[in-house]
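As a plain string of letters, each chain reads:
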Amino acid sequence: MRHHLLIGLALAPLFAATAAHADLLFEDQGTAKLGTQPCNGSGCWTNYARVTDVDGDGDLDIVAVNCGGFFSNPSPQPLTVYTNDGAGNFTNGSAVFGNYTAALRQVAFGDIDNDGDIDVYAPAAGQEQPDALFVNENGTFVNQASARLPAGLSSDAGATRFGDFDNDGDLDIFVANGYINDNAEPGAIYKNDGAGVFTLAVGAVPVSADGVNPDDVDLADFDGDFDLDILINMHSGENSLWLNNGDGTFTDASGGLAPNGGGLHYGPGVCDVDNDGDRDILIDNIGGNYLEQLLINNGSGVFTDGTNKISGNSAGADDNIVSCIDYDNDGAFDIVVGSLSSASERVFHNDGAGNFSVVTQAFTATNDSTLWMEFGDLNGDGRLDALTAQGEGEELERVFFGNMGVAQDTVPPTIGATDMTTVGADTVIRFAVRDNAVTDEGPRLRRAFLYVDNMEVPARFMGGDLYRAVLPPGAAAFTACAEDIAGNVTANCGGSTTTTTSSTGGPSTNATGTTGVDNGSSGSAMTTTGSNGAGGGGDDETGSEGGCDCSTQNTGGSKAAGAFGLLALALGLSRLSRRVRQGSTK
């Protein structure tokens, strides 16, 4: 059995660090922004949350995924939805899921049936109830698990995501299993038949792992071959890195991760911190002495420890998540550490080459127990705002609005790299996209597409930062394009255009330049290297606005070129009390 202890501990003295910015970036709006919160008004135990457009009205809502208990005896709590009025005022909209109450550690958002709206997979934690699969039917989510999932499926899920693992144009399911059962096989893939019906992909993933009790998963192209790989964050022990063989089966490449420095860990961030075009990794608590660890990718999915590139990181802090954002629009990903033991969340500024310095007083000090965090424009002012989700003490979710120190989003999305390959009779284009925040649904796009012969061909979100589109027969050239939710579009993508649909179309991303196409060579593949990779998830929304502002594809390097920068890591405000997680307890 697992239990968690609270003990008093004097934290190490803080490092003297030069502040990158002294102004408050994110200001607390108080817990009342969300109205009366569930679990008797005191808030639930929220291990995971999403900022996403649940009701399809164009603004970002909040979904809190709740589960009582810890890594044993999970207990049901409400799956809570807060709907946004567009100005950052929220009301409880949980009725959209039928006021569903269950033991859930994470849920996955994505369009499983290619009808242009968001569906939700909600696997059980600890096999406490059958898995649910909510299909969006005109704004109401209907549980269709009995018709679409394997009969009787009840998972022991610590984490889950949708992703197109086999490059067939639809979203499959990945479940990280073993949330309470240390001896469970660590994962399973359920393949989509194209209509949103799923079957187990037997033998697709490794059957063992060194770490136990998965609590998060990230999908990204870690080895640069344009398919989705899988990083499983284990609560205790070594993480697992599985590389895709190109057909939706995976090889264990965990040995390519730098050694774990010890510490229990919860929420990695994945993004290109040093603008070299690949996806790096930040992991809370395992850099030694409860520092965040920075793993630098060599482009092939082999990582070296770059933890010393984070200046002002405070030892001994008990943290839960690392997020990648570009709060100052300089083309480099900064990092934010969500902390349970520090007085506030911590921000680190990226110099563009993956070196991080602490930003003092970046968040209002709230002294709460953050378990999850996500960023997006909640009040419609064009600036990133933040949601923090709580548990283990203070359990009320909080909203923080971005102040003047957070730049308004005026920068179009960036295309990192583009690939062309043949799948059956189709010429398939895959490309990476980044914007100003990494989420589990990828960059927040209104739409992504190819611009071909004055037409828009929709591109579909694959997972991570990857998008996929089918080139029309006979097309001689294309440009990959994207529009973010602030209305910024990549250049040279036409103006008034005609949209065409394809069998595997979906959102596309801001492309760089124009790429010639050879439709005559079956099985051939062409890859164009772009500026940078983003990592994280991908936004599956398709908007109706026309036009695109696409930029010329570049080879990376400078921040001015819009390469991907990364996160910064921990620093600390001292607190004399730190919660220590024992064994497999949090």
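No experiment lies behind these values; they were computed from the predicted model shown.

Considerations on the overall build of the protein
Each helix and strand counted, the protein has one helix and 43 strands in total. Expressed as a percentage of its 586 residues, the buried residues of the protein come to 64%. Contacts spanning at least 24 positions in sequence make up 65% of the contacts within the protein whose residues lie at least 6 apart. When the accessible surface of the protein is summed, it comes to about 18,300 Å², and 49% of that surface belongs to carbon and sulfur atoms.

Quick notes on the environment of Asp57
Topologically, Asp57 is positioned in the loop between strand E3 (46-52) and strand E4 (61-68). Using a relative accessible area of 43% as the deciding quantity, one classes Asp57 as partly exposed. For the pair formed by Asp57 and Asn84, sequence separation is 27 residues and the distance between their alpha carbons is 9.1 Å. Side-chain polar atoms of Asp57 contact the backbone nitrogen of Asp59, separated by 3.3 Å.

Comments concerning the packing of aromatic side chains
Per the stated rule, a full pass over the model turns up 14 aromatic pairs. Arranged with centres 5.5 Å apart and planes meeting at 65 degrees, the rings of Phe26 and Phe375 form a pair that is edge-to-face. Separated by 349 residues along the polypeptide, Phe26 in strand E2 (residues 26-28) and Phe375 in strand E30 (residues 370-376) bring together distant segments of the chain. A single burial state applies to Phe26 and to Phe375, both of which are buried. Aromatic pair Phe165 and Phe250: ring centres 5.8 Å apart, planes at 80 degrees, arrangement edge-to-face. Residue Phe165 is located in the loop between strand E13 (157-163) and strand E14 (172-177), and its partner Phe250 is located in strand E20 (residues 250-252); the two are separated by 85 residues in the primary sequence. By relative accessible area, Phe250 is classed as buried at 8%. One aromatic cluster is present, formed by Phe26, Phe363, Phe375 and Phe400 through successive ring pairs.

Remarks on the side chain of Asn239
In this fold, Asn239 is placed in the loop between strand E18 (229-236) and strand E19 (240-244). Among the residues examined, Asn239 registers a relative accessible area of 6% and is labelled buried. A polar atom in the side chain of Asn239 sits 3.2 Å from the side chain of Asn233. For Asn239, the side chain forms a polar contact with the side chain of His265, separated by 3.3 Å.

Details of the environment of Asp170
When you line up the elements, Asp170 lands in the loop between E13 and E14. The spatial distance from the C-alpha of Asp170 to the C-alpha of Ile112 is 6.7 Å, given a sequence separation of 58 residues. Apart from the residues lying within four places of it in its own chain, the contact partners of Asp170 are Asn114, Gly163, Asp164, Asn192, Asp193 and Gly194. Polar side-chain contacts of Asp170 include one of 3.2 Å to the backbone nitrogen of Gly194.

Some words on the confidence of the model for the protein
When pLDDT is averaged along the protein, the result is 84; 80% of the residues meet or exceed 70. Below pLDDT 50 for its whole length, residues 1-22 participates in 57 contacts with residues either more than four positions away or in separate chains. Note on residues 536-586: pLDDT is under 50 here. Beyond four places in sequence and across chains, it has 296 contacts.

Focus on the sheet that holds E13
Two pairing modes exist for strands in a sheet, parallel and antiparallel, and in both the strands are linked by backbone hydrogen bonds. The four strands lie next to each other as E13-E14-E15-E16, forming an open sheet whose pairing is antiparallel. Edge positions in the sheet fall to E13 and strand E16 (198-200), since each has one partner strand and no second. Averaged over neighbouring strand pairs, the angle between their axes works out to 25 degrees when direction is ignored. As paired strands, E13 and E14 are joined by six bridges and run antiparallel to one another.

Some remarks on unusual backbone geometry
We note that Asn289 has phi near 60 degrees; this positive angle belongs to a residue other than glycine. Position of Asn289 among the secondary structure elements: in the loop between strand E22 (280-283) and strand E23 (293-297). Of note, Tyr290 is a non-glycine position whose phi angle comes to about 60 degrees, a positive value. On the secondary structure map, Tyr290 appears in the loop between E22 and E23.

A look at the pairing of E19
Burial runs high along E19: five of the five residues are buried. Burial along E19 is two-sided: the residues Ser240, Trp242 and Asn244 and Leu241 and Leu243 are all buried. One ladder, built from three bridges, connects E18 with E19; its direction is antiparallel. When the bridges of E19 are listed, Ile232 appears paired with Ser240. Where E18 hands over to E19, the hairpin turn is made up of three residues, of which Gly237 adopts a positive phi near 90 degrees. Inspection of the sheet shows E19 paired to E20 by three bridges, in the antiparallel sense.

Considerations on the state of the cysteines
In total, this model carries three disulfides according to the counting rule given. Disulfide partner of Cys271: Cys324, at an S-S distance of 2.2 Å. Residues Cys271 and Cys324 are joined through a disulfide that is left-handed, its torsion about the S-S bond being -75 degrees. Here the residue Cys271 occupies a position in strand E21 (residues 269-271), and Cys324 occupies one in strand E26 (residues 319-325), the gap between them amounting to 53 residues. As far as the burial class goes, Cys271 and Cys324 line up, both buried. Sulfur-sulfur distance for the disulfide between Cys481 and Cys493 comes to 1.8 Å.

With respect to the nonpolar core
Note on soluble globular proteins: their nonpolar side chains tend to be buried together. In this structure, Phe26, Phe97, Phe363 and Phe375 are the most contacted members of the largest nonpolar core, which totals 50 residues. With four residues, E4 is the largest single contributor of residues to this core. In this structure, Phe174, Ala204, Trp242 and Ala417 belong to the second largest nonpolar core, which totals 21 residues.

Calculation rules
Residues numbered from 1 in each chain as written. Predicted model: local features only at pLDDT ≥ 70, side-chain atom pairs only at ≥ 80, totals over all residues. Heavy atoms only, no water. Helix = DSSP H or I, 4+ residues; strand = E, 2+ residues; numbered from the N terminus. Buried < 20%, exposed > 50% of the residue type's maximum accessible area, 1.4 Å probe, protein only. Contact = heavy atoms within 4.5 Å. Areas by Shrake-Rupley, 256 points an atom, 1.4 Å probe, with all protein chains shown as cover. Polar contact = N/O pair within 3.5 Å; in protein donor to acceptor, adjacent residues only side chain to side chain. Phe/Tyr/Trp six-rings, centres within 6.5 Å; stacked < 30°, edge-to-face > 60°. pLDDT = per-residue confidence, 0-100. Pairing = 2+ DSSP bridges. Axes fitted to C-alpha atoms, helices over the stretch in contact; angles between N-to-C directions. Disulfide = S-S within 2.5 Å. Core = buried A, V, L, I, M, F, W, Y, C linked by side-chain atoms within 4.5 Å.

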